[in-house]
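Survey of secondary and tertiary structure
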Amino acid sequence: MTWVAAVARLRARREPGVLVTVAAVRGHAPRDAGAKLVVGRAETWGSIGGGNVEAVAIDRAREMMLASEREPELIDFALNDKVTNRHGVQCCGGTVSVLLEPLPVVRAVAVFGVGHVGLELARILARQDLDLHLIDTRSDVLAEERLAVLADAVAQVHVHHTPLLPEEVLEELPAGTHVLIMTHDHAEDAALCDAALRTPRLGSIGLIGSAAKWVRFRRRLLTEGGHDEADLERIKTPIGLTDITGKEPATIAVSVAADLLRTFESVETVETFENEGA
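Criteria and thresholds
Residues numbered from 1 in each chain as written. Predicted model: local features only at pLDDT ≥ 70, side-chain atom pairs only at ≥ 80, totals over all residues. Heavy atoms only, no water. Axes fitted to C-alpha atoms, helices over the stretch in contact; angles between N-to-C directions. Helix = DSSP H or I, 4+ residues; strand = E, 2+ residues; numbered from the N terminus. Parallel < 35°, antiparallel > 145°, perpendicular 65-115°, else oblique. Left-handed = near helix turned anticlockwise from the far one by under 90°. Contact = heavy atoms within 4.5 Å. Nonpolar A, V, L, I, M, F, W, Y, C, P; charged D, E, K, R; others polar. Pairing = 2+ DSSP bridges. Phe/Tyr/Trp six-rings, centres within 6.5 Å; stacked < 30°, edge-to-face > 60°. Lys NZ or Arg CZ within 6 Å of the ring centre and 35° of its normal. Core = buried A, V, L, I, M, F, W, Y, C linked by side-chain atoms within 4.5 Å. Buried < 20%, exposed > 50% of the residue type's maximum accessible area, 1.4 Å probe, protein only. Right-handed = clockwise from strand over helix to strand, strands pointing away. Salt bridge = Lys/Arg side-chain N within 4 Å of Asp/Glu carboxyl O. Polar contact = N/O pair within 3.5 Å; in protein donor to acceptor, adjacent residues only side chain to side chain. pLDDT = per-residue confidence, 0-100.

At their nearest, the axes of helix α4 (residues 186-197) and helix α5 (residues 211-223) sit 11 Å apart, and the two run at 50° to each other. Taken together, the axes of α4 and α5 are oblique relative to one another. You can see that α4 and α5 cross each other, and the crossing is right-handed. Here His 186, Asp 189, Ala 190, Cys 193, Asp 194 and Leu 197 of α4 lie close against α5, whose contacting residues are Lys 213, Arg 216, Phe 217, Arg 220 and Leu 221. Each residue belonging to the contact of α4 with α5 can be placed in one class, and the counts come to five nonpolar, one polar and five charged.

Quick look at unusual backbone geometry now. Only a minority of non-glycine residues have a phi that is not negative, and only a minority of peptide bonds are not trans. Cis geometry marks the peptide bond from Thr 237 to Pro 238; its omega dihedral reads -5°. Structurally, the position occupied by Pro 238 is in the loop between β11 (235-236) and α7 (249-277). For Arg 14, which is not glycine, the phi dihedral falls at a positive 55°. Structurally, Arg 14 is set in the loop between α1 (3-13) and β1 (17-26). A positive phi angle, close to 55°, is found at Ser 68, a residue other than glycine. The topology assignment puts Ser 68 in the loop between α2 (51-66) and β4 (73-78).

To continue, consider the sheet that holds strand β5 (residues 95-103). Taken in spatial order, the five strands line up as β3-β2-β1-β5-β4 in an open sheet, and their pairing is antiparallel. With partners counted over all chains shown, the strands left at the sheet margins are β3 (44-46) and β4, one partner each. Each adjacent strand pair in this sheet contributes to an overall mean axis angle of 20°, direction not counted. The sheet contacts of α1 involve β1, β2 (36-39), β3 and β5, and relative to β2 the element is tilted by about 15°.

To continue, consider the packing of aromatic side chains. All told, the structure shown has zero aromatic pairs when counted by the stated rule. Residue placement shows Lys 36 over the ring face of Trp 3; its charged tip is 5.1 Å from the ring centre.

Ranked by size, the top nonpolar core spans 26 residues in total, and within it Val 109, Val 111, Leu 121, Leu 125, Leu 132, Leu 180 and Met 182 carry the most contacts. Counting only elements with at least two residues in this core, the list comes to β6 (107-112), α3 (116-125), β7 (130-136) and α7. Setting aside chain neighbours within four positions, we find Met 182 in contact with Val 111, Phe 112, Gly 113, Val 117, Gly 118, Leu 121, Asp 189, Ile 208 and Ile 239. Ranked by size, the runner-up nonpolar core spans 22 residues in total, among them Phe 112, Val 169, Leu 207 and Ile 235.

Extensive coverage of β7 is indicated by the burial of seven of its seven residues. Here β7 shows a buried face lined by Leu 130, Leu 132, Leu 134 and Asp 136 and a second buried face lined by Asp 131, His 133 and Ile 135. As paired elements, β6 and β7 share six bridges and run parallel to each other. Bridge assignment links Phe 112 to a residue of β7, and that residue is Ile 135. Taken together, β6, α3 and β7 form a β-α-β motif whose crossover is right-handed.

All told, the structure shown has 17 salt bridges when counted by the stated rule. For the salt bridge of Arg 218 with Glu 229, the shortest nitrogen-to-oxygen distance reads 2.5 Å. A residue pair is termed long-range when its members are at least 10 positions apart, and Arg 218 in helix α5 and Glu 229 in helix α6 (residues 229-232) qualify at eleven residues. We classify Glu 229 as partly exposed; its relative accessible area is 41%. For Arg 220, the salt bridge identified is with Glu 224, shortest N-O distance 3.6 Å. Among the charged side chains, a salt-bridge network with shared partners connects Arg 11, Arg 14, Asp 129 and Asp 131.

Further remarks concern the side chain of Thr 183. When you line up the elements, Thr 183 lands in the loop between β9 (178-181) and α4. Polar contacts involving the side chain of Thr 183 include one to the main-chain carbonyl oxygen of Asp 185, which spans 2.9 Å. In this structure, Thr 183 is in contact with Phe 112, Gly 113, Glu 188, Asp 189 and Leu 192, ignoring residues within four places of it in sequence.

Right, let's get into the confidence of the model for the protein. When pLDDT is averaged along the protein, the result is 89; 91% of the residues meet or exceed 70. For residues 269-278, every residue scores under 50 in pLDDT, and the model assigns this stretch four contacts once sequence neighbours within four places are set aside.

Attention now goes to the sheet that holds β7. If you walk across this open sheet you meet the six strands as β8-β7-β6-β9-β10-β11, and the pairing is parallel. Each having just a single partner strand, β8 (156-161) and β11 make up the two edges of the open sheet. When β7 meets β8, the two strands line up parallel, connected through six bridges. Of the residues in β8, the one forming a bridge with His 133 is His 158.

Structure, rendered in structure tokens:
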């Protein structure tokens, strides 16, 4: 399997990995510069020459995955019998620099409702390295010609047409998916809020709408839904940056996307703090 296919496999499985590349070689070495190895949690694909260099790179790659490290790292190896190595001696006589690049699991975002705002939001989010899920009960808004504006997406776009119960898609989403609820139907929005609160493995939950809409939803979720105040804290509403007040779909979409990206950064900060304190 090529290293490109291995990276694609890890992404499809939503598993972290590390891409290991021989960055530079001086003198004799088992592999030339450019040789690559992909390291997963339990598997590897490719080779940078075997021996101590490869074994150390694999060990370090898995340490990086365990610590959720995101910055690349360069390791230098001297290939001679005077160096004490962790995994045996390599006496090729040269030196090798190996670059380790983390391949974190990409973020996942689910947009429920691909109307005017939803489509504009999808166009923006599609420029990010994401797994982007677009869900709607209306087949026409998910028509291929309408979504053609996403043809050059960086994101992996997944389209879900759910004519009856869009909340069933919540169970199919990857763990940690950030959910944005903005359908054309307030009853649908309410059902999605209720179902999302019953799905603890999700990331953030955002609901588009006014303060008056949330008052009604909040009352219904507390009484009919049986949720408590702590549950409702999981839903952010309104979504978007409060100092952007324009009502054009594209303006709202920019505001919501910026707010979501800020959420990503705050989550990364918490994860980094937790890892450093571990």
